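Per-entry structural report
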Amino acid sequence: MDDKDWFQVGRRSCCFVDGKLVSAPIQYNLGELPPAVLAKCIQSYNNRPANGQSASASFRDYIINGFGETLADLFLIPQNEKTMAISLDQLSDRAVRRFFPAPDETLVRAGMQPGRNAALGYNANFWYPRTGGIGHLVEGLRNGITSCVVSQDVAGVDLAARTLVTTTGDTYRWSAIFSSMPLKTLCRITNDADLKKAAEALSHSSTISFNIGLRGALRPEFRNLHWIYIPDRDIPFYRIGFYSHISRGTCAPGFSALYAEVGVSPDEADRVDLVSQLQPKILDCLERLGWISPSDVVCVVTHIIRCAYVHHTHSRDSVVSSVLERLHRSHVYPIGRYGLWDYTSMEDSMESARATVLEVVGCN
Ligand SMILES: Cc1cc2nc3c(=O)[nH]c(=O)nc-3n(C[C@H](O)[C@H](O)[C@H](O)COP(=O)(O)OP(=O)(O)OC[C@H]3O[C@@H](n4cnc5c(N)ncnc54)[C@H](O)[C@@H]3O)c2cc1C
């Protein structure tokens, strides 16, 4: 990889609320709401429950205590429930960590003033390849590695014998494994009864991503936005985003591209009828909203991310720490967002891998 192949993008994202686009994060930009909705949000913020967070508080409690019921019901609860495909009652207040702009009194109050410049929240800037998509990062990381086998699924792990077998029937013996596969899957495919049982306590959502290629430009009302959060429960997707606004290098000249993401449980992801039901529903909805014309669609590429958002349930922390302790004893070191069963970004995942390898190699 070369620095000159990348450029820095200033994030532009919005929330679609009450038929209007409000700058994200909405909790710091309430002044952009229609006056009547703003007034209700302010009143409910002033009356938010005064009781402090208890150790057993749910993510739902955290939101209502931090921002008041009106904003919680208008955006914060439906948006997060659609994304993570779970009731927020079942999640702990650590559910989204640094990816959730906190109930900061100064920022929330400042955002209530109409007409001020939007506050940005986390990830205000990000890097992107000048041409093509983020897959360049993976190609770059692979550069120079000569012994690399891909498209093989690890299907079984014998912790005592320190051997693993792949779906093609190959067996490998290890001195140390750094595993990025979802922790739940890893536990399931070991021959350890306790780990298999622990796997049952780990839950997650799936995301179905519809990547849509369009003839011509995107709608002018999207005014160069990168993505929009959609809390409305009558709209099947929780977010849409615009590849061609992130980088013109993602599309051929004269074309544009967007994506729509749908959050479902893993069971639903396994039985969903993509071609004759969900895809037409997504395209119809985008047309109903006036966001695309079906005659402009030139392709749809659908991708199912089976393990998308891990659920920070109340038991997650203790289950994960006992699972990791057991795996480390057999020199299996999970890494990354799914290996460590957390809600983290690409750079966090790479950093966790680097730190783990250095620690283990340093110990040996
Ligand atoms: C909808 C969505 C949007 C996101 N947006 C962003 C964003 O804008 N910015 C950002 O920084 N992050 C984003 N993330 C998070 C980001 O995708 C992850 O943090 C990152 O992909 C984690 O990298 P990883 O290498 O640890 O895991 P992965 O990218 O999941 O890679 C794990 C690898 O393990 C392989 N694997 C799994 N099971 C097996 C098996 N049994 N045998 C062999 N191999 C296996 C998989 O094939 C895969 O190649 C997003 C995530 C989601 C779900």
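Owing to the predicted nature of the structure, the values given are computational and were not obtained by experimental measurement. Residue numbers restart at each chain and count upward from 1, following the sequence in its written direction. At least 70 in pLDDT is required for a residue's local features to be given in this predicted model, at least 80 for side-chain atom pairs to be given and counted, and no such filter applies to totals for whole chains, interfaces and linings, which use all residues.

The next point concerns the overall build of the protein. Here a helix means four or more residues in a row that DSSP labels H or I, a strand means two or more in a row labelled E, and each is numbered from the N terminus. Helix and strand content of the protein: 13 helices and 14 strands. Within these notes, the globule rule equals 2.2 Å times the number of residues to the 0.38 power, and the radius of gyration is based on C-alpha atoms. In terms of overall size, the protein behaves like a compact globule, its C-alpha atoms giving a radius of gyration of 22 Å where 364 residues would be expected to give roughly 21 Å. A principal-axis box enclosing the C-alpha atoms of the protein has dimensions of 65 × 55 × 45 Å. Burial in this document is a count-based property: other C-beta atoms within 10 Å of a residue's C-beta are tallied, and the residue is buried at 20 or more, exposed at 12 or fewer, or partly exposed in between, with C-beta positions derived from the backbone. Out of the 364 residues belonging to the protein, those deemed buried represent 34%.

Assigned domains within the protein: domain 1 (12–111), domain 2 (147–203 + 312–363) and domain 3 (206–305). Look at where the C-alpha atoms of domain 2 and domain 3 centre, and you get two points 33 Å apart. What counts as a domain boundary in this text is fixed by an automatic or database domain assignment.

Our next topic: the sheet that holds strand E6 (residues 163–166). When DSSP finds two or more bridges between a pair of strands, those strands are recorded as paired. A sheet is described by the order of its strands in space; here three strands give the open sequence E5-E6-E7, paired in antiparallel fashion. With partners counted over all chains shown, the strands left at the sheet margins are strand E5 (154–158) and strand E7 (171–173), one partner each. Adjacent strand axes in the sheet meet at a mean angle of 20° when their direction is disregarded. Every angle, taken between N-to-C directions, lies between 0 and 180 degrees, and every axis is a line fitted to C-alpha atoms, over only the stretch in contact when it is a helix.

It is worth spelling out helix H3 (residues 69–84) at this point. Along H3, the helix axis deviates most sharply at Leu 76, where the bend reaches about 35°; the proline Pro 78 sits within four residues downstream. Burial runs high along H3: 13 of the 16 residues are buried. Backbone geometry just after H3 places Ala 85 at a positive phi near 50°. Consider a residue and the seven residues that end there alongside the seven that start there; fitting an axis to each set, the bend is the angle between those axes.

This part is about the nonpolar core. Side chains of a nonpolar character, in soluble globular proteins, are inclined to be buried together. To count as a nonpolar core, a set of buried Ala, Val, Leu, Ile, Met, Phe, Trp, Tyr and Cys residues must be joined through C-beta atoms within 7 Å. Residues Cys 15, Val 17, Ile 63, Leu 183 and Val 323 are the most contacted members of the largest nonpolar core, which totals 75 residues. Of all the elements, H3 adds the most residues to this core, at seven residues. We call two residues in contact whenever the C-beta atoms placed from their backbones are within 7 Å. When sequence neighbours within four positions are dropped, the list of residues in contact with Leu 183 reads Leu 202, Val 320, Val 323, Pro 334, Tyr 338, Gly 339 and Trp 341.

This paragraph deals with the environment of Tyr 128. Tracing the backbone shows Tyr 128 in strand E4 (residues 125–129). Tyr 128 sits in the partly exposed class, given 19 other C-beta atoms within 10 Å. Taking the C-alpha atoms as reference points, Tyr 128 and Ala 308, 180 residues apart in sequence, are found 21 Å from one another. Excluding residues within four positions of it along the chain, Tyr 128 makes contact with Trp 6, Phe 7, Val 9, Ile 134, Ile 246 and Ser 247.

The next point concerns the sheet that holds strand E12 (residues 255–264). For sheets, the rule is that strands pair by backbone hydrogen bonds, running either parallel or antiparallel. Spatially, E3-E2-E10-E11-E12-E9-E13 is the arrangement adopted by the seven strands of the open sheet, whose pairing is mixed. If you trace the sheet from one side to the other, it starts and ends with strand E3 (20–23) and strand E13 (297–305), each paired once. When the angles between neighbouring strand axes are averaged without regard to direction, this sheet yields 25°. Sheet analysis places strand E9 (residues 206–215) next to E12, joined by ten bridges and oriented antiparallel. Across the sheet, Thr 207 pairs through a bridge with Gly 263, a residue of E12. Contacting E9, E12 and E13, helix H10 (residues 274–288) runs over the sheet at an angle of about 120° to E13.

Moving on, we come to the site of the ligand. Near, as applied to residues and a molecule or strand, means the residue's backbone-placed C-beta atom lies within 6 Å of it. The immediate surroundings of the ligand are formed by 16 residues, with Met 181, Gly 336, Ser 345, Met 346 and Ser 349 found nearest. For the shell around the ligand, the secondary-structure elements that each account for two or more residues are helix H12 (336–339) and helix H13 (346–363). Per element, the largest residue contribution to the shell around the ligand is three residues, and it comes from H12. For this classification, Asp, Glu, Lys and Arg are treated as charged, while Ala, Val, Leu, Ile, Met, Phe, Trp, Tyr, Cys and Pro are nonpolar and the rest, including Gly, are polar. Among the residues making up the shell around the ligand, the classes are represented as six nonpolar, seven polar and three charged.

With 14 residues, helix H11 (residues 316–329) should reach 20 Å at 1.5 Å per residue; the first-to-last C-alpha distance of 20 Å fits that figure. Considered for burial, the residues of H11 that qualify are Arg 316, Val 319, Val 320, Val 323 and Leu 327. Taken down its axis, H11 places every buried residue within 95° of arc, on the same side. Within H11, the exposed residues directed more than 90 degrees away from the buried face are Ser 318, Ser 321, Glu 325 and Arg 329. Multiply 1.5 Å by the residue count of a helix minus one, and that product is the helix's expected span. Note: the arc covers the axis-to-C-beta directions of the helix.

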